[in-house]
Amino acid sequence: MRKKISPNNLVPISFILILIMFWELSTIIWKIPGYILPAPSGIIKTLFSAYSLMHPHIIATLKEAFIGFSLAIILSFITAFIMDSIPLVKKAIYPLIITSQTIPIISVAPLIIIWFGYGILPKILIALLVCFFPILISLLDGLASTDDELINLLKSMGANKIFIIKNVKLPSALPYLFSGLKISASYSIMGAIIGEWVGAKEGLGYFMILSQKSFYIDRVFSAIVVITILSLLIFKIVCILERQLMPWQFIKENDH
Amino acid sequence: MKAIEVTGINKSFGDLEVLDNISILVEKNHFVSILGPSGCGKSTLFNIISGLQLPDSGRILINGKDFKGKTGRISYMHQKDLLLPWKTVLDNVCIPLILKKIPLPDARKTAVGYFKSFGLEGFEDAYPSQLSGGMRQRAALLRTFLFASDIMMLDEPFGALDAITRSKMHLWLMNICSKYQPSVLFITHDIDEAILLSDKIYLFTKRPARIKKTIGVNIPRPRSQDVLTSSQFQALKAEVINLLYEEAEENGNNLGNNMSL
Ligand SMILES: Nc1ncnc2c1ncn2[C@@H]1O[C@H](COP(=O)(O)OP(=O)(O)O)[C@@H](O)[C@H]1O
Ligand SMILES: [Mg+2]
């Protein structure tokens with residue numbers, strides 16, 4: 001499916017292109033050496049030449065991010081449903097959850113590495129941690145947003161708890177869930193990379209540290225480009241899923 | 001035959017006395033309205049009759065059987081359409097059938113059969129957000145109807161519609177009623193609507209709601225919009241308005257508030 005570039009996208013895209021051109025020109029005009037700030041053209045070149053080197057690291061990072069993200073979805077669903085159906089639990093835990101969000105993940109990451117070693121597990125855990133809370137909080141808000149009158153009506157028709165969860169609670173929480181998922185989707189890659197940054201044997205974070213130490217600044221930048229593309233890709237997948245799962249949200253109103 | 005018979009219903013929420021000795025009778029196949037100011041306790045009475053809430057005292061008989069605190073017998077429609085935005089119109093109206101354990105394909109087949117009478121033909125696969133206000137209320141009414149077509153309670157179903165749509169809905173509803181002969185208990189605060197649609201009107205006082213007067217409407221059916229200008233209609237309307245004046249004077253309240261029921 002080919003899409004035309006809409007006028008809405010035109011503005012940011014041209015702005016980015018202008019910025020890149022400015023960057024390219026300034027490295028030429030002021031003769032900035034490649035080990036300080038490589039030109040965009042150089043970064044692209046490296047991206048292709050060093051790709052085979054980066055490939056296993058990309059796979060490693062993607063794997064950690066994906067597993068962390070998936071586990072975060074499962075865990076936040078379980079937690080959200082428990083909290084939503086037992087008000088006391090929600091009352092007790094909710095403030096704690098909000099407070100925990102003030103702790104920077106980078107300060108916790110080394111502890112997790114110490115506790116769980118240098119393998120894949122601590123990266124998954126860190127990705128899980130950063131993804132968990134946005135999903136949980138959006139789900140909780142979504143579950144709390146359901147119309148009590150609607151639930152009463154269905155109860156008066158003899159609907160049981162499971163029917164109401166499936167047909168009312170879940171669908172009305174979906175728009176909220178997806179706003180959380182979109183945030184978490186990009187966080188998942190970041191979480192995995194933070195984990196690798198603190199201590200790893202593979203992954204894009206590890207690749208960046210290695211490149212930085214050897215003054216391959218162009219490789220660091222190539223890795224950044226890859227990370228950006230991966231994050232955008234995951235974000236896009238979530239957006240596509242959103243459309244698939246909530247067709248009613250994307251319908252034009254009163255189109256008859 | 002008595003479809004709904006409630007006797008001596010009292011209900012308070014804490015110190016707030018809402019219903020004071022309410023007794024109502026809906027004969028089989030009759031259309032009975034409750035006309036009363038907002039906040040007087042009409043919806044509370046419906047919640048009690050439908051079994052969602054318990055009265056402090058009183059009896060609720062449906063087709064002669066005790067239904068106090070038991071849900072699932074009479075269908076109940078609210079002012080809000082309460083359609084599920086994520087289900088198509090067809091699947092929305094199928095919900096009561098699904099809840100009665102009818103398999104989805106059979107439920108759909110049954111429901112589709114009514115789409116024409118309910119003015120929803122061609123909108124089976126549309127989402128509620130694609131319908132006009134009037135169509136949404138008709139869809140909600142079809143859902144109500146599919147839950148229990150013999151006895152229905154409608155709580156200000158047209159309250160949110162504009163005047164023109166509402167008067168079309170009145171004619172349509174009278175049509176549906178003459179076709180399917182349900183027993184209907186109807187809440188409204190619109191005097192014209194109450195007289196036009198009903199066989200009998202219970203006029204409620206302000207909270208705590210008591211029955212101020214029971215008014216029989218003997219205008220012959222089928223009724224059309226012309227009824228609104230007939231002398232019989234005007235006489236009934238005058239009677240209702242006089243009763244409201246009385247109410248207002250008894251309460252020493254300014255009339256404006258009470259007229260705007
Ligand atoms: N569950 C409840 N708890 C406390 N007060 C209620 C409850 N339900 C209704 N009320 C009160 O009872 C009164 C009657 O409400 P309602 O039956 O909805 O009135 P109506 O439908 O006639 O407008 C109102 O003052 C309302 O605030
Ligand atoms: Mg009401």
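Above this note sits the structure.
Everything numeric here is computed off the predicted structure, so don't read it as measured data.

Chemist: Would you mind showing me how to read the interface of chain A and chain B here?
Modeler: You'll often see interface size given as the accessible area lost when the parts meet. Taken together, the contact pairs 24 residues of chain A with 23 residues of chain B. Taking both partners together, chain A and chain B bury about 2,200 Å²; carbon and sulfur atoms supply 67% of that area. The largest share of the area that chain A buries against chain B comes from Ser156(A), Met157(A) and Trp248(A), three residues that together contribute 28% of it. Counting residues per element, the ones that place at least two in the side of chain A that touches chain B are helix H7 (148–156) and helix H8 (161–198) of chain A. The residue inventory of the side of chain A that touches chain B, partitioned by class, reads 11 nonpolar, 7 polar and 6 charged.

Chemist: Help me understand the site of ligand 1, please; the structure alone is not making it clear to me.
Modeler: All names here are of chain B. The environment of ligand 1 is formed by Phe13, Leu16, Val18, Pro37, Ser38, Gly39, Cys40, Gly41, Lys42, Ser43, Thr44 and Arg207. Separating an oxygen atom of ligand 1 from a backbone N or O atom of Cys40 is a distance of 3.3 Å. One of the side-chain N or O atoms of Ser43 is found 2.7 Å from an oxygen atom in ligand 1. In the complex, the protein chains occlude 61% of the 560 Å² of accessible area that ligand 1 would expose alone. Within the residue set of the shell around ligand 1, elements represented by two or more residues are strand E2 (16–27) and helix H1 (42–50). With 3 residues, H1 is the single largest residue contributor to the shell around ligand 1. Partitioning the shell around ligand 1 into residue classes produces 5 nonpolar, 5 polar and 2 charged.

Chemist: In this structure, what is going on with the packing of aromatic side chains? I would like to understand it.
Modeler: Each pair of aromatic rings is reported with the distance of its centres and the angle of its planes. Counting across every chain of the model gives 12 aromatic pairs over all chains. Looking at Arg219(A), its charged tip hangs above the ring of Tyr216(A), at a distance of 4.1 Å from the centre. Seen from the ring of Phe147(B), Lys100(B) lies directly overhead, with NZ or CZ sitting 5.1 Å from the centre.

Chemist: Quick question: what am I supposed to make of the environment of Cys131(A) here?
Modeler: Topologically, Cys131(A) is positioned in helix H6 (residues 120–144). Along the backbone, Cys131(A) and Ile189(A) are 58 residues apart, and their C-alpha atoms lie at a distance of 9.7 Å.

Chemist: Would you explain the pairing of strand E3 (residues 31–35) of chain B in this entry?
Modeler: Put simply, side chains in a regular strand alternate between the two faces of the sheet. Counting buried positions over the 5 residues of E3(B) gives 5, a clear majority of the element. With burial as the criterion, each face of E3(B) is covered, one bearing Phe31(B), Ser33(B) and Leu35(B) and the other bearing Val32(B) and Ile34(B).

Chemist: How do you make sense of the nonpolar core when you look at a structure like this?
Modeler: For soluble globular proteins, nonpolar side chains are generally found buried alongside one another. Met54(A), Phe69(A), Val168(A), Leu181(A), Ile189(A), Leu204(A) and Val226(A) are the most contacted members of the largest nonpolar core, which totals 63 residues. At the level of secondary structure, the elements contributing two or more residues to this core comprise helix H3 (51–85), helix H5 (105–116), H6, H7, H8, helix H9 (204–213) and helix H10 (217–245) of chain A together with helix H2 (89–99) of chain B. Looking at this core element by element, the count peaks at 13 residues for H8(A). Ignoring anything within four residues of it in the chain, the contact list for Leu204(A) reads Met54(A), His57(A), Ile58(A), Thr61(A), Ile193(A), Glu196(A), Ala223(A), Val226(A), Ile227(A) and Leu230(A).

Chemist: Would you take a moment to explain the sheet that holds strand E10 (residues 211–216) of chain B for this structure?
Modeler: Within a sheet, adjacent strands bond to each other through the backbone by hydrogen bonds, running parallel or antiparallel. Residues and elements named next belong to chain B. Pairing in this open sheet of 6 strands is mixed, and the strands run E6-E7-E8-E3-E9-E10 from one edge to the other. With one partner strand each, in any of the chains shown, strand E6 (75–77) and E10 form the two edges of the open sheet. For this sheet the average axis-to-axis angle between neighbouring strands, irrespective of direction, equals 15°. As defined by bridge partners, strand E9 (residues 200–204) adjoins E10 across 5 bridges and the pair is classed as antiparallel. Among the inter-strand pairings, Ile201 is bridged to a residue of E10, identified as Ile215.

Chemist: Could you clarify how one ought to interpret helix H7 (residues 231–250) of chain B in this entry?
Modeler: Spacing of three or four residues puts side chains on the same side of an α-helix, whose turn is 3.6 residues. Residue and element names in this part refer to chain B. Its 20 residues place the ends of H7 28 Å apart at the C-alpha level, agreeing with the 28 Å of an ideal helix rising 1.5 Å per residue. Those residues of H7 lying buried are Phe233, Leu236, Val240, Leu243, Leu244, Glu247 and Ala248. Projected onto a plane normal to the axis of H7, the buried residues spread over an arc of 145° and lie on a single side. For H7, the exposed residues lying more than 90 degrees away from the buried face are Ser231 and Glu249.

Chemist: Would you explain the sheet that holds strand E5 (residues 65–66) of chain B in this entry?
Modeler: Residue and element names in this part refer to chain B. The 4 strands are arranged E2-E1-E4-E5 in an open sheet whose pairing can be described as antiparallel. In the strand order of this sheet, the two ends are held by E2 and E5, each with one partner. Sheet topology places strand E1 (residues 2–13) next to E2; 8 bridges connect them, and they run antiparallel. In the sheet register, Ile4 faces E2, and the bridge partner there is Val26.

Chemist: Would you explain the packing of helix H4 (residues 133–147) of chain B against helix H5 (residues 163–180) of chain B in this entry?
Modeler: Packed helices, taken two at a time, are described by the angle between their axes plus the distance between the axes. All names here are of chain B. One way to put it is that H4 packs onto H5 with a least axis distance of 11 Å and a crossing angle of 25°. Here H4 lies roughly parallel to H5, going by the angle between them. The handedness of the crossing between H4 and H5 is right-handed. On H5, the residues that touch Gly134, Gln137, Arg138, Leu141 and Phe145 of H4 are Thr165, Met169, Trp172, Leu173 and Tyr180.

Chemist: Explain unusual backbone geometry to me, please; I cannot follow it from the model alone.
Modeler: Residues and elements named next belong to chain B. Across the junction of Arg207 and Pro208, the peptide omega takes the value -5°, indicating a cis bond. Looking at where Pro208 falls in the secondary structure, it is placed in the loop between E9 and E10. Residue Pro222 follows Arg221 across a cis peptide bond; omega there is -5°. Tracing the sequence through the fold places Pro222 in the loop between E10 and H7. Not every positive phi belongs to a glycine, and Leu82 is a case in point at roughly 50°. Along the chain, Leu82 falls in the loop between E6 and H2. Classification of Leu82 as buried rests on a relative accessible area of 6%.

Parameters and conventions
Residues numbered from 1 in each chain as written. Chains lettered and ligands numbered in written order. Predicted model: local features only at pLDDT ≥ 70, side-chain atom pairs only at ≥ 80, totals over all residues. Heavy atoms only, no water. Contact = heavy atoms within 4.5 Å. Buried area = accessible area lost by both parts, 1.4 Å probe. Helix = DSSP H or I, 4+ residues; strand = E, 2+ residues; numbered from the N terminus. Nonpolar A, V, L, I, M, F, W, Y, C, P; charged D, E, K, R; others polar. Near = heavy atom within 4 Å. Polar contact = N/O pair within 3.5 Å; in protein donor to acceptor, adjacent residues only side chain to side chain. Areas by Shrake-Rupley, 256 points an atom, 1.4 Å probe, with all protein chains shown as cover. Phe/Tyr/Trp six-rings, centres within 6.5 Å; stacked < 30°, edge-to-face > 60°. Lys NZ or Arg CZ within 6 Å of the ring centre and 35° of its normal. Buried < 20%, exposed > 50% of the residue type's maximum accessible area, 1.4 Å probe, protein only. Core = buried A, V, L, I, M, F, W, Y, C linked by side-chain atoms within 4.5 Å. Pairing = 2+ DSSP bridges. Axes fitted to C-alpha atoms, helices over the stretch in contact; angles between N-to-C directions. Expected span 1.5 Å × (residues − 1). Arc of directions from axis to C-beta. Parallel < 35°, antiparallel > 145°, perpendicular 65-115°, else oblique. Left-handed = near helix turned anticlockwise from the far one by under 90°.

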